[in-house]
Number of protein chains: 2
Amino acid sequence: MSAQAANDLSTELTLLSSVRCFGGQQNQYQHDSKVLNCTMQFSVYLPPNASAEKPVPAVYWLSGLTCNDQNFSTKAGAQRVAAELGLALIIPDTSPRGEDVPDDLDAAYDFGLGAGFYLNSTQEPWQKHYQMYDYITRELPGLVERHLPLTDKRAISGHSMGGHGALVIALRNTFHFTSVSAFSPIVSPMECPWGVKAFSHYLGEDRSLWKQYDSVELIRAGAPHLPMLVDQGSADGFLAEQLKTELLETACNNFEYPAEIRYQEGYDHSYYFIASFIEEHLRFHARYLKG
Amino acid sequence: MSAQAANDLSTELTLLSSVRCFGGQQNQYQHDSKVLNCTMQFSVYLPPNASAEKPVPAVYWLSGLTCNDQNFSTKAGAQRVAAELGLALIIPDTSPRGEDVPDDLDAAYDFGLGAGFYLNSTQEPWQKHYQMYDYITRELPGLVERHLPLTDKRAISGHSMGGHGALVIALRNTFHFTSVSAFSPIVSPMECPWGVKAFSHYLGEDRSLWKQYDSVELIRAGAPHLPMLVDQGSADGFLAEQLKTELLETACNNFEYPAEIRYQEGYDHSYYFIASFIEEHLRFHARYLKG
C-alpha cells in the first residue's frame, strides 16, 4: 500500500510514512485528537500479512519521559519478534503536542511536554490537553481499530513513566487488556519526586485523588488480576529514588497479586535494557493475546 | 568492570560509558588518534564471556553519511546476534572530529564532518585530518586488539557510504579481513554525485587516483576474492542516482567475482532495512570468522 493510497483511506487518519521492516510495515500516522484537543502523531508496526481478512492483536507501548513515538520504534528491536508472532505494535506519543499545549515553565524534562504521565488532568492550565488516560484507553484504540487490520485483543507495556502508565491502565481496565508488562516502571508516583511534581500540577493537592493513578495503591485497593510481568535493571540509576520496585513487590506479596517481578543484573535504564528483554515480553503477551 | 576501573586500564584508551546489553557490554571509548590528528570516539559491543583468556573475533561496522558511532549501536539490533555468535562489534565514527577539523563550507551533509568516505585525503585543507582509510585499516584495529579481548580475526560491513568503505577496504586488504558485507553501498563513488563531490575535494582532480577507492574499479582491476554479501532495498530512494548497485553486479559478472548481491523487495535506505537483515549478515561473517 503506497502512502498516497493510504492517505485516501480516511479523513480521520493521515499516513505520514510507511517503511518496510522485517517483512511488515513501520508506519507513522497523524490525527486530530478530540480528547487531547491537538494534532497527534503515533507509530504502528503491522506484521507481514496483516489484512482486513486476517486482523491481528495489538501490543500498546507507552514510552517514558522525553520520548515520542520514535524511540521505541527505532531502538527496541521489537518488530522482529512482532513479525514472527503476528502482533501489531501501537506506539503513541507521551503527551499532547503543539504550540497551544502548555509546558513546564522551566521546560523541565519531567513535566509538561513529553511527560503526560498517562492521566486525565483536572487542573488549569493542563486539563484542556493533558487527558492521556482517556486518549490511550478510549480514543486511540477506537481510532486504530476502525482503520487498521486489528482485532479487539490488546496487551499493554511500557518503560519508566510508560511502565507506570501501562500498569495503571491495565489494572483499571482488566477487561480491555489481556496482559500487562513493564520495564523499569515508576511503580508508585505518589512516593517519588517525578510523580509528586507531576501529580501536584496535573491533579492538584488532594492526594486521595492521586491513588487512581498509582499502581501500588490500585493493588492495595484490590485491583482484579491479569497476567503481569515486570523487569527492572539492578544498575538503573533511577531505581532507589524514583522507581522503587520494592513497593510493588511488597504490595503484590501483601495482597496476593500474582505478578512476576524480576531484577536483571547489571542492566541500566536505557533502551539497551529494553532491547535485551523485549522478546520475552512480546512472547509473554502473545500467550494471552492468542490464547 | 566499572567505568572507573576500565579508565585505569590504559592511558591510550578512555572508557566513556559501559552499558549491559544482551548479557554483554555496549561500550563507548575515546582516544587521541595519531592518524587523524584529533580526538575520536568509537563504540564496541563485547559479547558475554569475552575475556583475555577467551578473546573473540570482531565485525567492523562502517556507518553512512551524517552518522557517528551511535546510530548502528542504538538502531540496528545487532547485539542480540553478536551475543549469540560470540562476536565483538567495532563501530567507528564516520570522519575526523573537533573544532580544528575543516568542514564543508556550506556544512552540507555529504562532505566534511560525518562524511569522511573512508579514504586518505591528499589535498589541502583536508589531508591533515581526513585519513579514515589508515584509521580503519591500521590504527583502530591495532588499538582495540591491544586493549580489548579480541583475536586478530576481522570481518567488515557497512551502510551506504560505509558500505562503500567496507567493500573498498576489504577488496584492498583481503588478508586482513575474512569476509565483507554491505547494505545499500555506494558501489562506484566515481560514478555518482556524492562520490564525485567528495573525491574531488579530498583527492583532487586526477581521476586515476580515485580508482583505489572505488569498488567497481577494484574488481575490474582484479582484486582478490573474499566472501562478499550485498543487500540493496528495491524502494531505496538513493538507488538510481547514488548507489547504482547494477554497476557492481556487472563488474562481478564480467570479472567473475563471486559476490552474492541481493535486492530486497520494498525496503528503503533506513535503519529499519539494516535491522531486518543484520542477523543474516552477522551469521554470514561468523561462518568465516570462526571457520
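Please read these numbers as outputs of a predicted model, since none were measured by experiment.

### Describing the confidence of the model for chain A
Residue and element names in this part refer to chain A.
And then number 1: Residue-level pLDDT values for chain A average 95, and 97% of them are 70 or greater.
And then number 2: Below pLDDT 50 for its whole length, residues 1-8 participates in seven contacts with residues either more than four positions away or in separate chains.
And then number 3: Prediction confidence for the complex, expressed as pTM and ipTM, is 0.94 and 0.93 respectively.

### Brief notes about the relation of the copies chain A and chain B
And then number 1: Here chain A sits on chain B after a turn of 180 degrees about the axis and a move of 0.0 Å along it, with an RMSD of 0.0 Å. Given the turn and translation reported, the copies of this chain are related as if by a two-fold rotation axis. Among all residues of chain A, the minimum C-alpha distance to the rotation axis is found for A:Lys75, at 2.4 Å.
And then number 2: Both copies present the same face, since 100% of the interface residues in chain A are matched by interface residues at the equivalent positions in chain B.

### A word on the interface of chain A and chain B
Quite often, the size of an interface is put as the accessible area lost when its parts meet.
And then number 1: Tallying the contact residues gives 21 residues for chain A and 21 residues for chain B.
And then number 2: Connecting chain A to chain B are eight residue pairs in polar contact (both at pLDDT 80 or more).
And then number 3: Looking at the side of chain A that touches chain B, the elements that each hand over two or more residues are β1 (14-21), α2 (69-75), α3 (78-85) and α10 (271-289) of chain A.
And then number 4: A per-class count over the side of chain A that touches chain B returns six nonpolar, nine polar and six charged.

### Some points on the packing of aromatic side chains
Residue and element names in this part refer to chain A.
And then number 1: Under the defined criterion, the tally for this structure stands at 40 aromatic pairs over all chains.
And then number 2: Judged by centre distance (5.3 Å) and plane angle (70 degrees), the rings of Phe-284 and Tyr-288 are edge-to-face. Of this pair, Phe-284 and Tyr-288 both sit in helix α10, separated by four residues, roughly a single helical turn.
And then number 3: Residue classification places Phe-284 among the buried residues on the basis of a relative accessible area of 7%.
And then number 4: The ring of Tyr-133 is capped by Arg-172, whose NZ or CZ atom sits 4.3 Å from the centre of that ring.

### Quick word on the sheet that holds strand β3 (residues 38-46) of chain B
All names here are of chain B.
And then number 1: Pairing is mixed across the open sheet formed by nine strands, whose spatial order is β1-β2-β3-β5-β4-β6-β7-β8-β9. Two strands lie at the open edges of the sheet, namely β1 (14-21) and β9 (260-264), each paired on one side alone. Each neighbouring strand pair of the sheet contributes to a mean axis angle of 20 degrees, computed without reference to strand direction.
And then number 2: Across four bridges, β3 lies against strand β5 (residues 88-92) in antiparallel orientation. Bridging from a neighbouring strand, Phe-42 pairs with Pro-92 of β5.

### Brief notes about the pairing of strand β3 (residues 38-46) of chain A
Residues and elements named next belong to chain A.
And then number 1: Of all the nine residues making up β3, seven are buried; the element is thus mostly covered by neighbouring parts of the structure.
And then number 2: Bridging between strand β2 (residues 24-33) and β3 involves nine bridges; their strand directions are antiparallel. Its bridge partner being in β3, Asn-27 is matched across the sheet by Val-44.
And then number 3: Between β2 and the antiparallel strand that follows it, β3, lie four residues; Asn-37 among them carries a positive phi value of about 55 degrees.

### A few points about unusual backbone geometry
Residues and elements named next belong to chain A.
And then number 1: The step from Glu-124 to Pro-125 runs through a cis peptide bond, and the omega angle for that step is -5 degrees.
And then number 2: With respect to the helices, strands and loops of the structure, Pro-125 is situated in the loop between β5 (88-92) and α4 (132-147).
And then number 3: For Ala-107, which is not glycine, the phi torsion reads 50 degrees and is therefore positive.
And then number 4: Relative to the assigned elements, Ala-107 resides in the loop between β5 and α4.

Conventions adopted
- Residues numbered from 1 in each chain as written.
- Chains lettered and ligands numbered in written order.
- Predicted model: local features only at pLDDT ≥ 70, side-chain atom pairs only at ≥ 80, totals over all residues.
- Heavy atoms only, no water.
- pLDDT = per-residue confidence, 0-100.
- Contact = heavy atoms within 4.5 Å.
- Least-squares fit on C-alpha atoms with pLDDT ≥ 70 in both.
- Polar contact = N/O pair within 3.5 Å; in protein donor to acceptor, adjacent residues only side chain to side chain.
- Helix = DSSP H or I, 4+ residues; strand = E, 2+ residues; numbered from the N terminus.
- Nonpolar A, V, L, I, M, F, W, Y, C, P; charged D, E, K, R; others polar.
- Phe/Tyr/Trp six-rings, centres within 6.5 Å; stacked < 30°, edge-to-face > 60°.
- Buried < 20%, exposed > 50% of the residue type's maximum accessible area, 1.4 Å probe, protein only.
- Lys NZ or Arg CZ within 6 Å of the ring centre and 35° of its normal.
- Pairing = 2+ DSSP bridges.
- Axes fitted to C-alpha atoms, helices over the stretch in contact; angles between N-to-C directions.

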